[in-house]
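Below are the chains, spelled out letter by letter.
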Amino acid sequence: MKGFCGLIAALALGSEVSAHYIFQQFAVGSAKSTVYDHIRKNSNYNSPVTSLTSNDLRCNVGGASGAGTTTLDVKAGDAFTFTSDVAVYHQGPISLYMSKAPGAVSDYDGSGDWFKFYDWGPTFSGGSSSWPMRTTYTYNIPKCIPNGEYLLRIQSLAIHNPGSTPQFYVSCAQVNVTGGGNATPGPTVKIPGAFKATDPGYTANIYSNFKSYTVPGPAVFSC
Ligand SMILES: *[C@@H]1O[C@H](CO)[C@@H](O)[C@H](O)[C@H]1NC(C)=O
Ligand SMILES: [Cu+2]
């Protein structure tokens, strides 16, 4: 799979945009919503963010504003699903983050505190590894977080080309949590800032002697 992305791009005569994926649907339970319903619409089609210092790392290019994006009511503890346009096919971890908006989430740029509440990492078995590459990612809103409006962010960190710059595929949904609790979720990080080039797992040679892996970012919060 090494170089697959570039190969596809070359075959498509430089049509690089055809070679990636984007999380473009978000819904409660295992449902599929209309494309970009409750998800901030990015402006870079299905291309990744590669800068560790760009604000685009929060909610993708064009995702700084929630104007025009509707906010979905979710109950703390409820399942939700992000759906990608095509199955994720770049190896790497998938993580879920949330950040509470100081007011209406549609006005929030994601500059506040973020916590991570789930990682899908690799599975090691009999000397080989596999990654959770698929179209849908379902998990639950943490039961104990305070009610209010949040950005809910999914991140696929693509590390399929060891030695070249890893790629972040990110989307943010806007949710209004009810039925929550009094926890203070953490540890929190800022985005950008949460990831450094020297972090274990930011790059890894997943094709050679690959036996363990640390997902970048803060420790996972659970209730
Ligand atoms: C969030 O939910 C609360 C409780 O149902 C409601 O009062 C509030 O209007 C909702 N906010 C939005 C933006 O939907
Ligand atoms: Cu790609």
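Analysis parameters
- Numbering of residues starts from 1 in every chain and runs along the sequence as written.
- Chain A is the first chain written and ligand 1 is the first ligand written, with later ones labelled in order.
- Given that the model is predicted, a residue must reach a pLDDT of at least 70 before its local features are reported, and side-chain atom pairs must reach 80 or more before they are shown or counted; all residues, however, enter totals for whole chains, interfaces and linings.
- Where side-chain values are given, they derive from all heavy atoms of the structure, hydrogens and water being excluded.
- UniProt positions are given in the numbering used here, feature names are shortened, and annotations may be inferred rather than shown by experiment.
- Being near a molecule or strand, for a residue, means having at least one of its heavy atoms within 4 Å of it.
- Each polar contact in these results corresponds to two N or O atoms within 3.5 Å; when the atoms are within protein, one needs to be able to donate a hydrogen and the other to accept it, and residues that are neighboring in sequence are counted only if both atoms are side-chain atoms.
- Polarity classes work like this: nonpolar for Ala, Val, Leu, Ile, Met, Phe, Trp, Tyr, Cys and Pro, charged for Asp, Glu, Lys and Arg, and polar for all others, with Gly in that last group.
- Strands were regarded as paired on the criterion that DSSP finds at least two bridges between them.
- Helix numbers and strand numbers start at the N terminus; a helix is a DSSP run of H or I with at least 4 residues, a strand a run of E with at least 2.
- The angle between two axes is taken between their N-to-C directions and runs from 0 to 180 degrees, where each axis is a line fitted to C-alpha atoms and a helix contributes only its stretch in contact.
- Criterion for a disulfide: a pair of cysteine sulfur atoms within 2.5 Å.
- Classification of residues uses two cut-offs on accessible area relative to the type maximum, computed with a 1.4 Å probe and protein chains only: under 20% is buried, over 50% is exposed, and between them is partly exposed.
- Throughout, nonpolar core names a set of buried Ala, Val, Leu, Ile, Met, Phe, Trp, Tyr and Cys residues whose side chains join them through atoms within 4.5 Å.
- When checking whether two residues touch, look at their non-hydrogen atoms; a contact exists if any pair is within 4.5 Å.
- By definition here, a salt bridge exists when the distance from a side-chain nitrogen of Lys or Arg to a carboxyl oxygen of Asp or Glu is within 4 Å.

The name given to the protein chain in an unreviewed UniProt entry is lytic cellulose monooxygenase (C4-dehydrogenating), with Lasiosphaeris hirsuta as the source organism. Taken directly from UniProt, the Catalytic activity (unreviewed entry) text for the protein chain runs: "[(1->4)-beta-D-glucosyl]n+m + reduced acceptor + O2 = 4-dehydro-beta-D-glucosyl-[(1->4)-beta-D-glucosyl]n-1 + [(1->4)-beta-D-glucosyl]m + acceptor + H2O." Per UniProt, the protein chain carries the Cofactor (unreviewed entry) text "Cu(2+)".

**Student:** What is the right way to read the site of ligand 1 from this model?
**Tutor:** Every residue lining ligand 1 is accounted for by D73, E149, N176 and T178. In the environment of ligand 1, an oxygen atom lies 2.4 Å from a nitrogen or oxygen atom belonging to the side chain of N176. Here the residues of the shell around ligand 1 are counted per class, giving no nonpolar, 2 polar and 2 charged.

**Student:** Could you clarify how one ought to interpret the sheet that holds strand β1 (residues 23–28) in this entry?
**Tutor:** In sheet architecture, strand pairing relies on hydrogen bonds along the backbone and comes in two forms, parallel and antiparallel. An order of β1-β3-β8 is seen for the 3 strands of this open sheet, with the pairing classed as antiparallel. Lying at the two open borders of the sheet, with one neighbouring strand each, are β1 and β8 (136–140). Along the sheet, successive strands turn relative to each other by an average axial angle of 20 degrees, direction set aside. Of the pairings in the sheet, the one linking β1 to strand β3 (residues 79–84) comprises 5 bridges and is antiparallel in character. For A27, the partnering residue across the bridge sits in β3 and is T81.

**Student:** Quick question: what am I supposed to make of the state of the cysteines here?
**Tutor:** Each disulfide consists of one covalent bond between the sulfur atoms belonging to two cysteines. Taken as a whole and judged by the stated rule, the model has 2 disulfides. The disulfide that involves C59 links it to C172, with 2.1 Å between the sulfurs. The S-S bond linking C59 to C172 shows a torsion near -85 degrees; that makes this disulfide left-handed. With C59 in helix α2 (residues 56–59) and C172 in strand β10 (residues 167–178), this pair connects stretches of sequence that are 113 residues apart. Of the two residues, C59 and C172, neither departs from the other in class, the shared state being buried. There is a disulfide in this structure between C144 and C223, and the S-S distance comes to 2.0 Å. One quick way to see it: the torsion about the S-S bond of C144 and C223 is about -85 degrees, and its sign makes the bridge left-handed. Separated by 79 residues along the polypeptide, C144 in the loop between β8 and β9 (148–158) and C223 in the segment after β11 (188–189) bring together distant segments of the chain. Judged by its relative accessible area of 17%, C144 is buried. The connectivity of the disulfide-linked cysteines in the protein chain, indexed sequentially, is 1-3, 2-4.

**Student:** Where do I start with the UniProt feature "domain: Auxiliary Activity family 9 catalytic" (unreviewed entry) in the protein chain in this structure?
**Tutor:** This chain's UniProt record puts "domain: Auxiliary Activity family 9 catalytic" (unreviewed entry) on residues 20–212. Regarding residues 20–212, the helix share stands at 2% and the strand share at 34%, and the terminal C-alpha atoms are separated by 26 Å.

**Student:** I would appreciate a short explanation of the nonpolar core in the present structure.
**Tutor:** Nonpolar side chains tend to gather and get buried jointly when the protein is soluble and globular. Membership of the largest hydrophobic core comes to 33 residues, with the highest contact counts inside it found for F26, F82, M98, L152 and V177. Looking at this core, the elements with two or more residues in it are β1, β2 (72–75), β3, β4 (94–100), β5 (114–120), β9 and β10. When residues no more than four places from it in sequence are discounted, the contact partners of V177 are V74, A76, M98, I141, I145, P146, N147, G148 and Y150. If you look at the next biggest cluster of nonpolar residues, it comprises 26 residues, including W114, L151, C172 and V189.

**Student:** Is there a simple way to think about the sheet that holds β4 in this case?
**Tutor:** Taken in spatial order, the 6 strands of this open sheet run β2-β10-β9-β4-β5-β11, and their pairing is mixed. Unpaired on one side and paired on the other, β2 and β11 mark the two borders of the sheet. Examined bridge by bridge, β2 and β10 share 4 bridges and lie parallel to one another. Within β10, the position partnered with L72 by the bridge is V175.

**Student:** Teacher, can you tell me more about the pattern of salt bridges here?
**Tutor:** If charged atoms from side chains of opposite charge come close, those side chains can pair. Tallied over the full model, the rule gives 2 salt bridges. A salt bridge links K190 to D113; the nearest nitrogen and oxygen atoms lie 3.0 Å apart. On the criterion of sequence distance, the pair formed by K190 in the segment after β11 and D113 in the loop between β4 and β5 is long-range, its members being 77 residues apart. Note on K190: relative accessible area 43%, which makes it partly exposed. Residues K116 and D119 are paired through a salt bridge, measuring 2.9 Å at the closest nitrogen-oxygen approach. Owing to a relative accessible area of 1%, K116 belongs among the buried residues under this scheme.

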